[in-house]
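Observations on chain architecture
Residues per chain are reported as follows:
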Amino acid sequence: MKEKKLNDILTSLRRTADTMEITYKLSSLKEDFNNITKPAILEYAPVKIVACFEEYFRQLYKAIIDEPKFRKNLRNIKGLQESKMNLDVIDVLQNGILTLGDYFSYYFPCSSIENINANFSNLLGIPFFKALKENVVEDDKGKNKNRAESIIASIDEIFKIRHTLCHEASITKSLTLENVNEMIDNANSFVEHISRVVYDTLYPDAPETQAEMNEVSNRSFMQAETELSLLIKKIKEQTKDTDFPENFEYLESWEAYRDSRAKDEASSFEGGTIYPLIYSGSLEKTTRLLITELKKSTG
């Protein structure tokens, strides 16, 4: 198995958008391609869809790998059995700069429908597409039992078109706006149902009501806040007798930035029941970014 370069992974992680942003990008593709009729431009849609898949599923792989009870399933991934971690990788893992999920999630291919099925099946230890089809049927209340097969067939076509365009520069059949809109609809359904199966498997007792989800999100942020406070206390203690003691005078302005960013990210949902979830989620994300930077800078 070809080893991934640590610097490339760290650079990629700094560019990473969260799953909500990726979902938004995928769902807004219809608007992006609205009124476009030129086939050469429409051909970009499958490429963009697969790019969204690659980043979104990578984050799902990370979530699975970082869940201790599923980590044993890494043994099911043939390529990972031959991987070798150098001292630099071990160092960033031990210092919390990367998680095991961050690192290994970059080793999963995303070039075909078979890749997706194999990746999730091996990581979760279940026949994944069977669970996916059951989820689609359940969501559709059994009205269209062929819906799951139709979605999978469409995703298979998207991967094949993308592969042809990237490696041969042309396809035999020109795409129409109707084709592209159907692909986008199926891509969004695919992501939605995959997410449900993954999270239902990872967290079978997870909260279902919006109020419960809001509470869990807030609790998760408070845990990050506690972790940050303890880390700052530790760093202050370690540096107090040095020539350059850390005083963290910037924290007040950083907290103001964190709050402004959270309000901005949640602004589209203001007045809705989901607002606290988005707001707390943003607070946690920014807090954990600072935790990672502090760990990295202090070794």
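Predicted, not measured: the structure shown is a model, and the values here were computed from it. For every chain, the first residue of the written sequence is number 1, and numbering continues from 1 along that sequence. In keeping with the predicted nature of the model, local features appear solely for residues at pLDDT of at least 70, side-chain atom pairs appear and are counted solely at 80 or more, and the whole-chain, interface and lining totals rest on all residues. The side-chain quantities take in all heavy atoms of the structure and omit both hydrogens and water.

**Some remarks on the overall build of the chain**
- Numbering of helices and strands starts at the N terminus; helices are DSSP runs of H or I of at least 4 residues and strands are runs of E of at least 2. Each helix and strand in the chain was counted, giving 15 helices and 0 strands.
- With the C-alpha coordinates of the chain rotated into their principal frame, the extents come out at 70 × 50 × 40 Å.
- The contact rule is simple, with two residues in contact once any of their heavy atoms fall within 4.5 Å. Sequence separation of 24 or more characterises 78% of the internal contacts of the chain that already satisfy a separation of 6 or more.
- Residue-level accessible areas treat just the shown protein chains as cover; the underlying method is Shrake-Rupley with a 1.4 Å probe. Of the roughly 17400 Å² of accessible surface on the chain, 50% is carried by carbon and sulfur atoms.
- Here the chain contributes 39 positively and 48 negatively charged side chains, and the mean placements of these two sets differ by 4 Å. Only four residue types enter the charge count, namely Lys and Arg as positive and Asp and Glu as negative; His and the chain termini do not. Charge positions are represented by NZ for Lys, CZ for Arg, CG for Asp and CD for Glu.

**Examining the pattern of salt bridges**
- Between Lys or Arg on one side and Asp or Glu on the other, a salt bridge is scored when a side-chain nitrogen of the former is within 4 Å of a carboxyl oxygen of the latter. Counted by the stated rule, this structure contains 16 salt bridges.
- The residue glutamate 215 makes a salt bridge to arginine 219 at a minimum N-O spacing of 3.4 Å. Taken as a pair, glutamate 215 and arginine 219 lie in helix H13 (residues 210-239) at a separation of 4 residues, close to a single helical turn.
- Think of it in three bands: residues with accessible area under 20% of the maximum for their type are buried, residues over 50% are exposed, and the middle band is partly exposed, with areas taken using a 1.4 Å probe on protein chains only. The exposure class of glutamate 215 is partly exposed, given its relative accessible area of 42%.
- Given a relative accessible area of 42%, arginine 219 falls into the partly exposed group.
- Arginine 258 is the partner of glutamate 225 in a salt bridge, and the nearest nitrogen-oxygen pair spans 2.9 Å. Here arginine 258 lies in helix H14 (residues 251-266) and glutamate 225 lies in helix H13, a separation of 33 residues in the sequence.
- Arginine 258 sits in the buried class, given a relative accessible area of 6%.
- Because the salt bridges share partners, they merge into one network encompassing Glu227, Glu284, Arg288 and Lys295.

**As for the packing of aromatic side chains**
- Only rings of Phe, Tyr and Trp enter the pairing, Trp through its six-membered ring, and a pair is recorded when the two centres are within 6.5 Å. The plane angle decides the type: under 30 degrees is stacked, over 60 is edge-to-face, the rest tilted. For the coordinates displayed, the defined rule picks out 17 aromatic pairs.
- Here the aromatic rings of phenylalanine 248 and tyrosine 250 are separated by 5.9 Å at their centres, their planes lie at 55°, and the arrangement is tilted.
- The buried category is assigned to phenylalanine 248, whose relative accessible area is 4%.
- Since its relative accessible area comes to 34%, tyrosine 250 is described here as partly exposed.
- Three or more aromatic residues joined by ring pairs make a cluster, and in this case those are Phe53, Tyr56, Phe57, Tyr61, Phe108, Phe120, Phe128, Phe129, Phe159 and Phe190.

**A few points about the nonpolar core**
- The biggest cluster of nonpolar side chains holds 64 residues, and the ones touching the most others in it are Phe53, Phe57, Phe120, Phe190 and Ile194.
- No other element matches helix H5 (residues 44-65), which puts 12 residues into this core.
- Non-local contacts of phenylalanine 57, meaning those with residues more than four positions away in its chain, are made with Ile116, Phe120, Phe190, Val191 and Ile194. Think of a nonpolar core as a cluster: buried Ala, Val, Leu, Ile, Met, Phe, Trp, Tyr and Cys residues, connected wherever their side-chain atoms sit within 4.5 Å.

**Observations regarding the layout of surface pockets**
- Any residue with an atom within 4 Å of a point lines the site, the site being either a cavity, points on a 1 Å grid over the protein atoms alone where a 1.4 Å probe fits but cannot get out, or a pocket, an open set with protein on both sides within 12 Å along at least 5 of 7 lines. Grid points are joined across faces, edges and corners, and a volume is the space filled by probe spheres set on the points. Each pocket or cavity is described by its volume, and for the second largest pocket that value is around 530 Å³.
- Together, 22 residues line the second largest pocket, and Ala51, Glu54, Glu55, Arg58 and Tyr106 are the ones closest to its centre.
- In this classification, Asp, Glu, Lys and Arg are treated as charged, Ala, Val, Leu, Ile, Met, Phe, Trp, Tyr, Cys and Pro as nonpolar, and every other residue, Gly included, as polar. Partitioned by chemical class, the residues of the lining of the second largest pocket number 10 nonpolar, 4 polar and 8 charged.

**Section: the packing of helix H10 (residues 128-139) against helix H11 (residues 147-168)**
- Note on geometry: axes are lines fitted to C-alpha atoms, helical ones only across the stretch in contact, with angles between N-to-C directions running from 0 to 180 degrees. Two elements in contact, H10 and H11, have axes separated by 8 Å at closest approach and are oriented at 125°. With respect to H11, the element H10 is oriented oblique. Note on element contacts: H11 touches H10 through Arg147, Ala148, Glu149, Ile151 and Ile152, opposite Phe129, Leu132, Lys133 and Val136.
- For the contact of H10 with H11, the residue count by class is 6 nonpolar, no polar and 3 charged. Just so you know how the angles are binned, under 35 degrees is roughly parallel, over 145 roughly antiparallel, 65 to 115 roughly perpendicular, and the rest oblique.

**Some remarks on the confidence of the model for the chain**
- In this model, the chain carries a mean pLDDT of 85, and residues with pLDDT of at least 70 account for 93%.
- Values of pLDDT, which run from 0 to 100, indicate the predictor's confidence residue by residue. The least confident element of the chain is helix H1 (residues 6-15), whose mean pLDDT is 77; the most confident is helix H9 (residues 113-124), at 94.

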